[in-house]
Amino acid sequence: ASSGNSLITYQNAEGANLIGAEVETRKSLDFIHDSLEDLALVANLTLAFSEVEIDTDVLSGQAGTSTERPLTNQAPWVENIALVYGNDATGTKARVLYNVAGKRIVTAGEAPLPDIYEQPRHGLDATIGFPLLRGARAKVKATNLLDQDYTFLQSAGGYEQIQRQYSIGRTLSVGLSWELR
């Protein structure tokens, strides 16, 4: 306590509620033209509502968080859309995946500071895998192609402050595998 640094401890919540739904669909693109039979569009949407209830008796006399807030790291919605290619004759498989999630609380605030929320960030990844010779396969993967910043905000009373922000860069990887038969 003499150093001036806060001591953070954890207390179980009185209760929490989580309700949600997930919908996924997959549609081959051969309805557009027969030459697109190896392509499919896959979409997934998750909706979730969460709320944790903090016992106000536990907080009495302590610096604490909001008495009601979403569960930590629970996004209210997540959206995934993928374009998938798969050709059994050639053994080639590819996928382009787009992903975004709604803002989510990552750190419960400690009075007088408000909760910290990670803001939505759009992601785009691509993968292709194909056979080489005699059981060997190659795979090329590119991730985080949009390279959007991770942004974490604290806000209270109409005032927003960036708590931290960073970028992790794009990644390109190449892999080779060999299956012995």
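First, a word on what this report is: a plain description of the structure on this page. (Residues numbered from 1 in each chain as written. Predicted model: local features only at pLDDT ≥ 70, side-chain atom pairs only at ≥ 80, totals over all residues. Heavy atoms only, no water.)

**Topic: the sheet that holds strand E10 (residues 150-156)**
We count it as follows: When DSSP locates at least two bridges between a pair of strands, those strands are taken to pair. The secondary structure listing takes helices from DSSP runs of H or I that are at least 4 residues long and strands from runs of E that are at least 2 residues long, numbered from the N terminus. Between the N-to-C directions of two axes lies an angle of 0 to 180 degrees, each axis being a line fitted to C-alpha atoms and, for a helix, fitted only over the stretch in contact.
The strand order across the open sheet formed by 4 strands is E6-E7-E10-E11, and the pairing between neighbours is antiparallel. The strands lining the two open edges of the sheet, one partner per strand, are strand E6 (104-107) and strand E11 (159-166). The sheet shows a mean angle of 35 degrees between the axes of neighbouring strands, direction not considered. For E10 and E11, the ladder comprises 7 bridges, and the chain directions are antiparallel. Note on E11: the bridge partner recorded for Phe152 is Arg164.

**Focus: the layout of surface pockets**
Keep this limit in mind: Lining residues are defined by having an atom within 4 Å of a point belonging to a cavity or pocket. Those points lie on a 1 Å grid over the protein atoms alone, cavities being sets where a 1.4 Å probe fits but cannot get out and pockets being open sets with protein on both sides within 12 Å along at least five of seven lines. Grid points are joined across faces, edges and corners, and a volume is the space filled by probe spheres set on the points. Three classes are used, and their members are as follows: Ala, Val, Leu, Ile, Met, Phe, Trp, Tyr, Cys and Pro are nonpolar, Asp, Glu, Lys and Arg are charged, and the others, Gly among them, are polar.
By volume, the second largest pocket amounts to about 290 Å³. Lining the second largest pocket are 18 residues; nearest its centre among them are Arg95, Thr127, Ile128, Gly129 and Lys139. Elements that contribute at least two residues to the lining of the second largest pocket include exactly strand E5 (92-101), strand E8 (123-131), strand E9 (136-143) and strand E12 (171-178). Split into classes, the residues belonging to the lining of the second largest pocket amount to 7 nonpolar, 5 polar and 6 charged.

**A word on the side chain of Asn144**
For clarity, the cut-off: Burial here depends on accessible area, computed with a 1.4 Å probe over protein chains only, as a share of the maximum for the residue type. Under 20% is buried, over 50% is exposed, and the range in between is partly exposed. Residue contacts are counted whenever heavy atoms from the two residues lie within 4.5 Å of one another.
Along the chain, Asn144 falls in the loop between E9 and E10. Its relative accessible area of 8% is what places Asn144 among the buried residues. Setting aside anything within four residues of it in sequence, one finds Asn144 in contact with Arg121, Leu124, Asp125, Ile168, Gly169 and Arg170.

**Brief notes about the environment of Asn80**
Checked against the element boundaries, Asn80 lands in strand E4 (residues 77-87). In this structure, the C-alpha to C-alpha distance between Asn80 and Leu97, residues 17 residues apart in sequence, is 7.1 Å. In this structure Asn80 touches Val42, Ala43, Asn44, Leu97, Tyr98 and Asn99, once residues within four positions along its chain are discounted.

**Description of the pattern of salt bridges**
To keep things clear, this is the line we draw: Each salt bridge in this description consists of a side-chain nitrogen of Lys or Arg and a carboxyl oxygen of Asp or Glu lying within 4 Å of one another.
Evaluated as defined, the whole model comprises 2 salt bridges. Arg104 serves as the salt-bridge partner of Glu118, at 3.3 Å between the closest nitrogen and oxygen. On the criterion of sequence distance, the pair formed by Glu118 in strand E7 (residues 116-118) and Arg104 in strand E6 is long-range, its members being 14 residues apart. Note that Asp147 and Arg170 form a salt bridge whose closest N and O atoms lie 3.9 Å from each other.

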